[in-house]
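Fold and contact review
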Amino acid sequence: MPASDQILLSNPLRDPRTIVRRYLAIAAGLLLISWMVKDVVIDEVDWKRLGGTAELLKTLSYFVPDWTFFPQIVRPLLETLLMAFWGTLLAVCLAMPVAFMAARNITPHRWVTYPIGRALIVLSRSTHEVIFALIYVAALGLGPLPGILALASRSLGFVAKTTAEAIENVNRGPIEAMEAAGASPLAVFLYAVMPQVMPAFAGNVIFSLEINLRRASILGLVGAGGIGYVFAEAMQSLQYDRVGTIVIGLIGLVVAGEFISNRVRARIL
Amino acid sequence: MTTLTLARYEQIARARGWSRFWTFVSLVLVLCFGVWSVYALNIPTERIAGMFGRIGNMVWHRLMPPDLVFAMQPKILASVLETVQMSVLGAFFGTCLAVPLAWFAAWNVTPNRSFLYPLARGIIVTARSVPTLMWAMLLVTFFGFGPFAGVLALINGTIGFAGKLMSEQVEAIDMKRVEAIRATGANEVDVFFYAVLPQVRANWMGTIIYNWDTQFRSSTILGFMGAGGLGLFLRQQIAVLEYPSAMGIVAIIVGLVLVSEALSHQLRKRLY
């Protein structure tokens, strides 16, 4: 037994059984991981076809960007940005009533509207945007419209959930004051709740705009417009130099978007 | 207490008038931008009215009910296991890489500001900007179809997601303890283990568990691009327009995601 283990096993501050149990848990975890590595990586990969490092480097050299292709991706990149913008806007409009229903303290009815709001949030958060896009593309045809709807359906859950949580944490005072004055539930929501949740809400909306920009870039893989469509085309026609250009253009767009969103959020919060 | 003189009142009113004016101008600009973008995106405006009817029709008549008998075939259940394995491996090895990257990419304790910091930042930003599904497609061209490419894509996803969150958590630590450890003559590695790690350990554990949950969500769809797991069957069923059986697979995915979310929620609750 190595000296370090002896020291740890004889740590007077800890029960030796706890220490042994901890080591056993770590060993079991590592055993599980190595079984998975064998099952998924070692057995499944066709190592012969993969070739050596030289071959991988050769594949990498196909991806050297072709800058003459760049002018052709400016428009799809812009389209991706607009899809993210519209998707987020639509999600915010739809998330408002859902958050209103799913916040425990102001929901109109505890046994009817609250479960509905929660179910919508869970459904939206647990379904991948590609699945939404597949359904909408099948119903509406190719183009950015199903992509926008997919983004809206996907980020509705996040916006509604965070807003509902912010609503649950508001100060009761203004709400009670307005209720005492005989205000309707809608008026209470608009004038007592909204002003309190506005800062957190704005931060979350900008955050989801940033996420949606990244999501929008893959929706084209299933035909829902944006840069992903050009990417899928270039991949299928094996024009890897174009793929390289697209990837670099996308990185530029996302980095710019993240930079702006950080600036704006820092000013709001 | 100052009294509100008439001059001061007029000043406030004027300032308010200007701020209202600018709000109005920016609203008009946003509206113009919106109208222009609908035009630029080529959205068929005449179809928007009937849009929800068509989606509803699609969902009720062609997608429902989900064919769960199809989705319970042994080969699909085996791919569920593969999906879980991929997500665990991707999250595990990704975290192993994300820990040093998060350390290097935190401006306050990075061992080297002129080389390691920009390098680690660059890796995290690159991994983050390209979505996991695109990584999967790219990696499939290198490593062939199968779960290995998927695991590598999830490692990228983890570096981008957990690496960023973890380095932000390091940047928020209390620097006094770092200075105290440094004052004893400790080197950078000691500083990391005795001043940084104890402060971020709880947050990092939470992030690691949450990251596994996130990677599991993406792993369910990776097979769509041939990178192993459940998504492959989804793609096959959609390619042959068998929507009810595709929805059966979607139902399995949603169920699995709910289970993983509950699991990660419970684990994180026990942690704190």
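Computed from a predicted model, the values in this text were never measured in an experiment.

Comments concerning the pattern of salt bridges
All names here are of chain A. Enumeration over the complete set of coordinates arrives at eleven salt bridges over all chains. We note a salt bridge from E165 to K161, for which the minimum N-O separation is 3.7 Å. Of this pair, E165 and K161 are both found in helix α8 (residues 144–168), four residues apart, which corresponds to roughly one turn of the helix. You can call E165 partly exposed: its relative accessible area is 35%. Using a relative accessible area of 24% as the deciding quantity, one classes K161 as partly exposed.

Concerning the domain arrangement of chain A
With domains assigned, chain A is organised as domain 1 (3–45) and domain 2 (67–268). One C-alpha centre belongs to domain 1 of chain A, the other to domain 2 of chain A; they are set 42 Å apart.

Concerning the packing of helix α11 (residues 227–236) of chain A against helix α6 (residues 132–143) of chain B
Where α11 of chain A contacts α6 of chain B, the axes come no closer than 12 Å and their chain directions differ by 10°. In this view, α11 of chain A runs roughly parallel relative to α6 of chain B, as classed from their interaxial angle. Seen from α11 of chain A, the contacting residues are G228, F231 and M235 of chain A; seen from α6 of chain B, they are M134, M137, L138 and T141 of chain B. Classifying every residue of the contact of α11 of chain A with α6 of chain B by side-chain character gives five nonpolar, two polar and no charged.

Description of the interface of chain B and chain A
Chain B puts 56 residues into the contact, and the matching count from chain A is 57 residues. For the chain B and chain A pair, buried surface summed over both sides reaches about 5,100 Å², with 79% attributable to carbon and sulfur atoms. When the buried area of chain B at its contact with chain A is split by residue, L41, M134 and F142 of chain B rank highest and sum to 13% of it. Measuring nitrogen to oxygen at the nearest pair gives 3.5 Å for the salt bridge that ties R125 of chain A to E261 of chain B. Our count for the chain B to chain A interface comes out at three residue pairs in polar contact (both at pLDDT 80 or more). It is helix α2 (residues 45–63) of chain B that provides the largest number of residues to the side of chain B that touches chain A, a total of nine residues. Considered class by class, the residues forming the side of chain B that touches chain A number 41 nonpolar, seven polar and eight charged.

Observations regarding the packing of aromatic side chains
Two aromatic rings, taken as a pair, are described by how far apart their centres are and by the angle between their planes. Residue and element names in this part refer to chain B. For the structure on display, the rule yields 20 aromatic pairs over all chains. Pairing W18 with F21 gives two aromatic rings, centres 5.6 Å apart and planes at 90°, and the pair type is edge-to-face. Highlighted residues: W18 and F21, both in helix α1 (residues 6–40), separated by three residues, approximately one helical turn. Using a relative accessible area of 39% as the deciding quantity, one classes F21 as partly exposed. With a centroid separation of 5.7 Å and an interplanar angle of 55°, the aromatic rings of F161 and Y210 are classed as tilted. With F161 in helix α7 (residues 147–171) and Y210 in helix α9 (residues 188–222), this residue pair connects regions lying 49 residues apart in the sequence. Accessibility expressed as a relative area gives 22% for F161, which makes it partly exposed. A relative accessible area of 34% means that Y210 is categorised as partly exposed. An aromatic cluster of three or more residues is present, and its members are W103, F104, F192, F193 and W204. Over the face of the ring belonging to W107 we find R113, whose NZ or CZ atom lies 4.2 Å from the ring centre.

Regarding helix α9 (residues 172–180) of chain A
The opening residue of α9 of chain A, the one whose side-chain oxygen lies 3.2 Å from the backbone nitrogen of G173 of chain A, is N171 of chain A. One or two positions beyond α9 of chain A, positive phi appears at G182 of chain A, with a value near 85°.

Some words on the packing of α7 of chain B against α9 of chain B
Residues and elements named next belong to chain B. Interaxial distance between α7 and α9 falls to 9 Å at its minimum, and their mutual angle equals 150°. What the angle tells us is that α7 and α9 run roughly antiparallel. Judged by the twist between their axes, the crossing of α7 over α9 is right-handed. Partitioning the contact of α7 with α9 into residue classes produces twelve nonpolar, eleven polar and no charged.

What about the environment of G225 of chain A?
Residues and elements named next belong to chain A. Note that G225 resides in the loop between α10 (185–219) and α11. Residue class for G225 comes out buried when judged on its relative accessible area of 7%. Expressed as a C-alpha distance, the spacing of G225 and P146, which sit 79 residues apart in the sequence, is 8.4 Å. Those residues in contact with G225, other than ones at most four positions away along the chain, are E79, M83, G143, P144, A216, L219 and G220.

Side note on the environment of R267 of chain A
Residue and element names in this part refer to chain A. Assignment of secondary structure puts R267 in helix α12 (residues 240–268). A relative accessible area of 79% places R267 in the exposed class. The spatial distance from the C-alpha of R267 to the C-alpha of G249 is 28 Å, given a sequence separation of 18 residues.

A word on the nonpolar core
Within the largest apolar cluster, 106 residues are counted, with the highest numbers of intra-cluster contacts made by F231 and V243 of chain A together with L234 of chain B. Look past the residues within four positions of F231 of chain A in its chain and what remains in contact with it is L221, V243, I246 and V247 of chain A together with M134, M137 and L138 of chain B. Membership of the second largest hydrophobic core comes to 26 residues, among which are M96, A192, V193 and M194 of chain A.

What counts, and where the lines are drawn
- Residues numbered from 1 in each chain as written.
- Chains lettered and ligands numbered in written order.
- Predicted model: local features only at pLDDT ≥ 70, side-chain atom pairs only at ≥ 80, totals over all residues.
- Heavy atoms only, no water.
- Salt bridge = Lys/Arg side-chain N within 4 Å of Asp/Glu carboxyl O.
- Helix = DSSP H or I, 4+ residues; strand = E, 2+ residues; numbered from the N terminus.
- Buried < 20%, exposed > 50% of the residue type's maximum accessible area, 1.4 Å probe, protein only.
- Domains from an automatic or database assignment.
- Axes fitted to C-alpha atoms, helices over the stretch in contact; angles between N-to-C directions.
- Parallel < 35°, antiparallel > 145°, perpendicular 65-115°, else oblique.
- Contact = heavy atoms within 4.5 Å.
- Nonpolar A, V, L, I, M, F, W, Y, C, P; charged D, E, K, R; others polar.
- Buried area = accessible area lost by both parts, 1.4 Å probe.
- Polar contact = N/O pair within 3.5 Å; in protein donor to acceptor, adjacent residues only side chain to side chain.
- Phe/Tyr/Trp six-rings, centres within 6.5 Å; stacked < 30°, edge-to-face > 60°.
- Lys NZ or Arg CZ within 6 Å of the ring centre and 35° of its normal.
- Left-handed = near helix turned anticlockwise from the far one by under 90°.
- Core = buried A, V, L, I, M, F, W, Y, C linked by side-chain atoms within 4.5 Å.

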